[in-house]
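# A closer look at the structure
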Amino acid sequence: MKREETVDYHIKSAWHAISRMYNQQAAEEGFTTAIGFVLININSTEGTPATKIAPKLGLETRSLTRMLKTMEEKGMIYKMPDPIDKRSVRIFLTDEGKKKKERSVNTIKEFNDQVREIVTEDELQDFFKVFEKIQLVIDQVQTAKGIDVNKPIFEL
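Residues numbered from 1 in each chain as written. Predicted model: local features only at pLDDT ≥ 70, side-chain atom pairs only at ≥ 80, totals over all residues. Heavy atoms only, no water.

### Examining the UniProt feature "domain: HTH marR-type" (unreviewed entry) in the protein
Taking the numbering used here, the UniProt-annotated feature "domain: HTH marR-type" (unreviewed entry) corresponds to residues 1-136. Each end of residues 1-136 is marked by a C-alpha atom, and these two atoms are 22 Å apart; helix forms 68% of the span and strand 9%. (UniProt positions renumbered as here; feature names shortened; annotations may be inferred. Helix = DSSP H or I, 4+ residues; strand = E, 2+ residues; numbered from the N terminus.)

Here is the structure:
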């Protein structure tokens, strides 16, 4: 089987192209795609418990801790004790963080709008159905090998 005939080749090459495009746009604003995804997952008004962010993104806590430190140093976030659980920390966006979050959201929306201009709704729904089936196969393979499909396996 040639690599162009494999499912994973097309997924990987498309994701790398999207990631490069997002990173180029984020770099113009002084941050990375990974930081953009973290920003998107922080509630703009109520903040978000630090412990809730990593699982949403499939990240290891260590990786998120490093990213949060960088984000704090760049003035995108600040930390406050959780008013309900004093042992926990909530992450809040600064004005700068809110601007970068908005830029990240707009970048994703713009790309998706451009895709939707050339891909019909039926094609898109078929695409999503295919990806659901691919995810099902991945979950089955992982479960058969005794791997927890909900546990992050990589670090950014």
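This is not the end of the story, as more comes after the structure.
### Details of empty space enclosed by the protein
Applying the stated criterion across every chain, the model contains one cavity of 30 Å³ or more. Tyr22, Gln25, Ala26, Phe31, Thr32, Thr33, Gly36, Phe37, Arg103, Ser104, Thr107 and Ile108 are the residues that line the largest cavity. Broken down by secondary-structure element, the contributors of at least two residues to the lining of the largest cavity are helix H1 (7-29), helix H2 (33-40) and helix H5 (95-118). Examining the composition of the lining of the largest cavity, we find that four residues originate from one element, H5, more than from any other. The residue makeup of the lining of the largest cavity, split by class, is five nonpolar, six polar and one charged. (1 Å grid on protein atoms, 1.4 Å probe; cavity = no way out; pocket = protein on both sides within 12 Å on 5 of 7 lines; lining within 4 Å. Points joined across faces, edges and corners; volume = space filled by probe spheres on them. Nonpolar A, V, L, I, M, F, W, Y, C, P; charged D, E, K, R; others polar.)

### What to know about the nonpolar core
In this structure, Val38, Ile42, Met71 and Ile77 are the most contacted members of the largest nonpolar core, which totals 17 residues. Per-element accounting of this core gives the leading share, four residues, to helix H4 (residues 61-73). The contacts of Ile42, once residues within four sequence positions are left out, are Thr48, Ile53, Met71, Ile77, Ile91, Leu93 and Lys101. (Core = buried A, V, L, I, M, F, W, Y, C linked by side-chain atoms within 4.5 Å. Buried < 20%, exposed > 50% of the residue type's maximum accessible area, 1.4 Å probe, protein only. Contact = heavy atoms within 4.5 Å.)

### Thoughts on the pattern of salt bridges
Under the criterion given, the structure shown has eight salt bridges. The shortest N-O distance in the salt bridge between Asp82 and Arg90 comes to 3.0 Å. Taking relative accessible area as the criterion, Arg90 reaches 17% and is therefore assigned buried. Salt-bridge contacts for Glu96 lead to Lys100; the nearest nitrogen and oxygen are separated by 2.9 Å. Separated by four residues within a single helix, Glu96 and Lys100 lie in helix H5, roughly one turn from each other. (Salt bridge = Lys/Arg side-chain N within 4 Å of Asp/Glu carboxyl O.)

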